[in-house]
Amino acid sequence: MGCPAKKVCNRLCGSALLQDEPLVGRILESVVSAVQATGRGVPVTLKTRTGWDREHRNGVRVAQIAEASGIAALAIHGRTRADFYEGDAEYDTIRAIRETVRIPVLANGDITSPDKARVVLQYTGTAGVMVGRASHGTPWIFRDINGLLTQGVLPEPLSRAERRDIVLAHLQAIYAFHGEESGLRIARKHLGWYAKLLESAPDARARLMAEVSTSSQFACANELFGAWAQVH
Ligand SMILES: Cc1cc2nc3c(=O)[nH]c(=O)nc-3n(C[C@H](O)[C@H](O)[C@H](O)COP(=O)(O)O)c2cc1C
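As the structure is a prediction and not an experimental result, all values here were calculated from the model. (Residues numbered from 1 in each chain as written. Predicted model: local features only at pLDDT ≥ 70, side-chain atom pairs only at ≥ 80, totals over all residues. Heavy atoms only, no water.)

## Digging into helix H7 (residues 160-194)
With 35 residues, H7 extends only 12 Å from end C-alpha to end C-alpha; this falls clearly short of the ideal 51 Å at 1.5 Å per step. Along H7, the helix axis deviates most sharply at Gly-179, where the bend reaches about 130 degrees. (Helix = DSSP H or I, 4+ residues; strand = E, 2+ residues; numbered from the N terminus. Expected span 1.5 Å × (residues − 1). Bend = angle between axes of the 7 residues up to and from the residue.)

As structure tokens, then:
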């Protein structure tokens, strides 16, 4: 219930639902009871924004409806739908939601570093944070955040060889999960982000994008990140 896209909101889906609280309640109750009926004990969680626009920040009421409907945990993106991805995420509404409901709340939006995660957790008192864009091309941010939160200091940065291994294992996991055609395309997106590491090889991104099979794409990544990892 957080998607701001016009094609979604025009059909009263995504974050457009924030304008119709009774409908939110009915949908959430239906989903929770359908999932409960499976008897598998799967928790239903909700991700949403703080409201439709800054004049209608009804995130607290929507969170109460969610809790009353049996939602097990909430993730809140600290922007309204009208904000799209503009401006800075705000954490006051997330804090107010955390103070109102008893289910776990995760703070989301602009968590760009381990220190920001620490500050936002402290400010909102939420059970956790959720990281989106800052993990693009840098999935080790989760390890760094966990390290700071559990040890009180940032862990030693990963070596280039360790980061190369993560990139290559990520590619293999994408191919295994998505198959040849989708795997190639989805891996391109991630390689676009990972290529920022290869600043010393200006043609690296173009080479990676030009590959037309998963095997040649992997070979190219292996060569480029392998050479990168040799430099300390
Ligand atoms: C390209 C893009 C696609 C997204 N797709 C989804 C999605 O499918 N489901 C979802 O819950 N959030 C989606 N989001 C929102 C993110 O999960 C997140 O709430 C938002 O980016 C703010 O967090 P961040 O600042 O850490 O990125 C998407 C965001 C972007 C930029």
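Picking up where we left off.
## Points about the environment of Ala-195
Looking at where Ala-195 falls in the secondary structure, it is placed in the loop between H7 and helix H8 (204-210). Of the residues examined, Ala-195 reaches a relative accessible area of 9% and is grouped as buried. For the pair Ala-195 and Arg-205, spaced 10 residues apart in sequence, the C-alpha to C-alpha distance is 5.6 Å. (Buried < 20%, exposed > 50% of the residue type's maximum accessible area, 1.4 Å probe, protein only.)

## Here's the deal with the domain arrangement of the protein chain
Entries for the protein chain in the domain assignment read domain 1 (6-151) and domain 2 (160-230). The gap between the C-alpha centroids of domain 1 and domain 2 is 32 Å. Facing the four residues of domain 1 at the interface are five residues of domain 2. Summed over the shared surface of domain 1 and domain 2, the result is zero salt bridges. One can count zero residue pairs in polar contact (both at pLDDT 80 or more) joining domain 1 with domain 2. (Domains from an automatic or database assignment. Contact = heavy atoms within 4.5 Å. Salt bridge = Lys/Arg side-chain N within 4 Å of Asp/Glu carboxyl O. Polar contact = N/O pair within 3.5 Å; in protein donor to acceptor, adjacent residues only side chain to side chain.)

## Section: the site of the ligand
What surrounds the ligand is the set Lys-47, His-77, Tyr-85, Asn-108, Gly-109, Asp-110, Val-131, Gly-132 and Arg-133. In the environment of the ligand, a nitrogen atom lies 2.9 Å from a nitrogen or oxygen atom belonging to the side chain of Lys-47. Take Gly-132: an N or O atom from its main chain is 2.8 Å from an oxygen atom of the ligand. For the ligand, whose accessible area on its own is 620 Å², the fraction buried by protein is 53%. (Near = heavy atom within 4 Å. Areas by Shrake-Rupley, 256 points an atom, 1.4 Å probe, with all protein chains shown as cover.)

## Details of the packing of aromatic side chains
This structure, assessed with the given rule, holds two aromatic pairs. When the ring of Phe-225 is compared with that of Trp-228, the centres are 6.2 Å apart and the planes differ by 80 degrees; the resulting orientation is edge-to-face. Of this pair, Phe-225 and Trp-228 both sit in helix H9 (residues 214-230), three residues apart, which is roughly one turn of the helix. When its relative accessible area of 0% is taken as the criterion, Phe-225 is described as buried. Overall, Trp-228 belongs to the buried group, its relative accessible area being 6%. The lysine or arginine in question, Arg-95, covers the ring of Tyr-123, its NZ or CZ lying 4.2 Å from the ring centre. When the ring centre of Trp-140 is taken as reference, the NZ or CZ atom of Arg-163 above it lies at 6.0 Å. (Phe/Tyr/Trp six-rings, centres within 6.5 Å; stacked < 30°, edge-to-face > 60°. Lys NZ or Arg CZ within 6 Å of the ring centre and 35° of its normal.)

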